[in-house]
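Descriptive analysis of the structure
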Amino acid sequence: MVEAHRVVDHIVGQLAANGVSHIFGVDGANIEDLYDAAYFRDDITAVLAKHEFSAAAMADGYSRSGAGIGVVAATSGGGCLNTVPGLGESLASRVPVLALIGQAPTTLDGDGAFQDTSGQNGSLDAHALFSSVSLYCRRLLRPDDILTALPEALAAARTGGPAVLLLPKDIQQAGVEEPAVNGSGAGTAVPTALHDDPQVLEQALRRVDGPITIIAGEQVARDDARAELELLRATLRARVATVPDAKDVAGTPGFGSSSALGVAGVMGHPGVAAAARQSALCLLVGTRMTVTARAGLDSVLGSVPTYSIGAQVPYPACTHVRSDDLRESLTRLARALSGTGRPAQVRVPDHLPRTELRPPAHHGPGIRYRVAMAVLDSALTDGTDIVVDAGNVGASAIHYLPARRDGRFIVALGMGGMGYSFGAGIGMTFHRAVSGTARRTVVIAGDGSFFMHGMEIHTAMQYGLPITFVLFDNHAHAMCVTREQLFYQDRYSYNRFGPSRLGAGLAAMFPGLPAYDVTETRQLPQALGMALDTEGPSVLSIECSADEIPPFAAFLATTDSTPSIPEENRSHVTARA
């Protein structure tokens, strides 16, 4: 029987007041009171996932879709430990997420309780563990702690990353006196955005003599600053590229597509480095430029004057201007560089056609990655959200498949956890439905990722979500197979699977699920059309080959048009003769 004004009632009420519409998790004894509290509210929905990693990915995808803070809930013990890799991805990619972690009652701390994570008397220390994957972590010891801990956690998450509240069961169930209503609510604290004076950047851009190359990153999406980025790009007459996990922030129709260079980095387009090398100045916008994003660019960024604007200092050495809100900063910058302040020596760069990496031709069985991506490109409409998983398939989608206009293109490159796309796509779709922007989500993953977390397709079935899961079935952890072939002389393989028919298997498991297996290219357009033309979830399984090398620079010979192999990909490949 529900009791008013429990700590859990306060939590769900404040989350709803802060615009949170969904809590994603897996129920259990030490988090069930939170689900109980959510049940009695009409403005928040508790979603039951199949695995806590996927629940964390749902919260992450929900946030990346533009919903604000994503919320994941997990019970104690192994349940909460399963959230760690998902929170690690959110931390590395600066995604606002709140984790509500149930714990055993405080009365049993250090006394041998089942799943004790209090850190006392030799038990696992959840506070130490979760502090390493969050910006803020606090364990509640008194019911009134929630009145300060929840707004602090929300404020921390809004700065970009996870916040964690450790909630012992007796604290969750305890009564708490609601604070007096002051018109704003107890959980609505918004951190003040910090901005450096952009004068140094304005002066550099005014002085520039020659073409400018912009490389845009994930903060542009997080701050919803696409239009502001395009205004600045047009003002500077610049060419624009993106990092792999920000494909949708520039270069899609309506956002500088005529000046788009494609994607930078190890899965990207070689023309980005060529354009940057010819530039008088490079401007990094909202990205730290990880090794994955800057492969082939280190020497360029070291020789061409490079500036940065964003919330975090980039890894390459450059002049950095801090901005926690790119919408505001880019608008101000474009205004300062317009009219009489417009740079006099900026030149419209020569047209540079987008180039591609050139993997060796593969003539074995299965459908080629590039062919499949071309069929997807012709079938996916504007507004489609695309979520891509790790591996050879992910590299191919990043390289070959353009983002849709008004749609997100998400890939988890912070930690690169396989199976992330299933939960992230579901979380994104829940937000789209609530926000009134219902659209189809397309999840692109390999069979290896499916075998890890593909049972979340059942969650999509349970809630009738409009998601098409496109599964590339090459019967292997194919990127690992490629590494075995290239770096260990193909003497063995630990990474090949037995054959499977994922479409037929899922159709049998989940009655009513439209699911198709495609083994030949000629079958693909019709099968994809049927999968997309359905109200709820659908599955398309595409037979491909583990022996096809994807567009991934670390696997290709170094040439003038191919980024050099990053140190992190070649320093550990010494093989025994």
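So, here's what we can say about the structure. Quick caveat, the model's predicted, so the values are computed rather than measured.

1. Quick word on the layout of surface pockets
Once rolled over the atoms, a probe with the size of a water molecule shows which space is left empty. The calculated volume of the second largest pocket comes to roughly 870 Å³. For the second largest pocket, the lining is made up of 42 residues, of which Thr290, Thr292, Ala412, Leu413 and Gly414 are closest to its centre. Looking at the lining of the second largest pocket, the elements that each hand over two or more residues are helix 5 (84-92), helix 10 (218-222), helix 13 (291-294), helix 17 (392-400), helix 21 (478-487) and helix 24 (567-570). A breakdown of the residues in the lining of the second largest pocket according to their chemical character gives 20 nonpolar, 14 polar and eight charged.

2. With respect to helix 2 (residues 32-39)
When helix 2 is considered as a whole, its buried residues turn out to be Asp33, Leu34, Tyr35, Ala37 and Ala38. On the buried face of helix 2, the contacting elements are helix 1 (7-17), strand 1 (22-26), strand 2 (45-48), strand 3 (70-74), strand 4 (97-103) and helix 8 (169-173).

3. Some thoughts on the environment of Leu167
Its place among the elements puts Leu167 in strand 6 (residues 162-168). In the structure, Leu167 is positioned 51 residues away from Asp116 in sequence and 12 Å away in space, judged by C-alpha atoms. Here Leu167 is in contact with Ile11, Asn30, Leu100, Ile101, Gly102, Gln103, Leu140 and Gln172, once residues within four sequence places are set aside.

4. Concerning the nonpolar core
In terms of nonpolar packing, the biggest core is built from 83 residues, with Leu15, Leu98, Leu100, Phe130 and Leu165 touching the most fellow members. Broken down by element, the residue count for this core peaks at eight residues, all from helix 3 (residues 52-67). In contact with Leu100, other than residues within four places in its own chain, are Ile11, Leu15, Ile31, Leu34, Val71, Val72, Ala73, Ala74, Leu165 and Leu167. Residues Met267, Ala403, Ala531 and Cys544 belong to the second largest nonpolar core, which totals 47 residues.

5. Re the packing of aromatic side chains
Applying the stated criterion to the full structure yields 12 aromatic pairs. Aromatic pair Tyr39 and Phe40: ring centres 5.1 Å apart, planes at 90 degrees, arrangement edge-to-face. For the pair Phe552 and Phe555, a centre-to-centre distance of 4.9 Å together with 50 degrees between the ring planes defines the contact as tilted. With respect to class, Phe552 is no different from Phe555; both count as buried. Three or more aromatic residues link up through ring pairs in this structure, and these residues are Phe422, Phe450, Phe451, Phe469 and Phe497. Here the guanidinium or amino end of Lys247 rests over the ring plane of Phe409, the centre of that ring lying 4.4 Å away.

About the criteria used
Residues numbered from 1 in each chain as written. Predicted model: local features only at pLDDT ≥ 70, side-chain atom pairs only at ≥ 80, totals over all residues. Heavy atoms only, no water. 1 Å grid on protein atoms, 1.4 Å probe; cavity = no way out; pocket = protein on both sides within 12 Å on 5 of 7 lines; lining within 4 Å. Points joined across faces, edges and corners; volume = space filled by probe spheres on them. Helix = DSSP H or I, 4+ residues; strand = E, 2+ residues; numbered from the N terminus. Nonpolar A, V, L, I, M, F, W, Y, C, P; charged D, E, K, R; others polar. Buried < 20%, exposed > 50% of the residue type's maximum accessible area, 1.4 Å probe, protein only. Contact = heavy atoms within 4.5 Å. Core = buried A, V, L, I, M, F, W, Y, C linked by side-chain atoms within 4.5 Å. Phe/Tyr/Trp six-rings, centres within 6.5 Å; stacked < 30°, edge-to-face > 60°. Lys NZ or Arg CZ within 6 Å of the ring centre and 35° of its normal.

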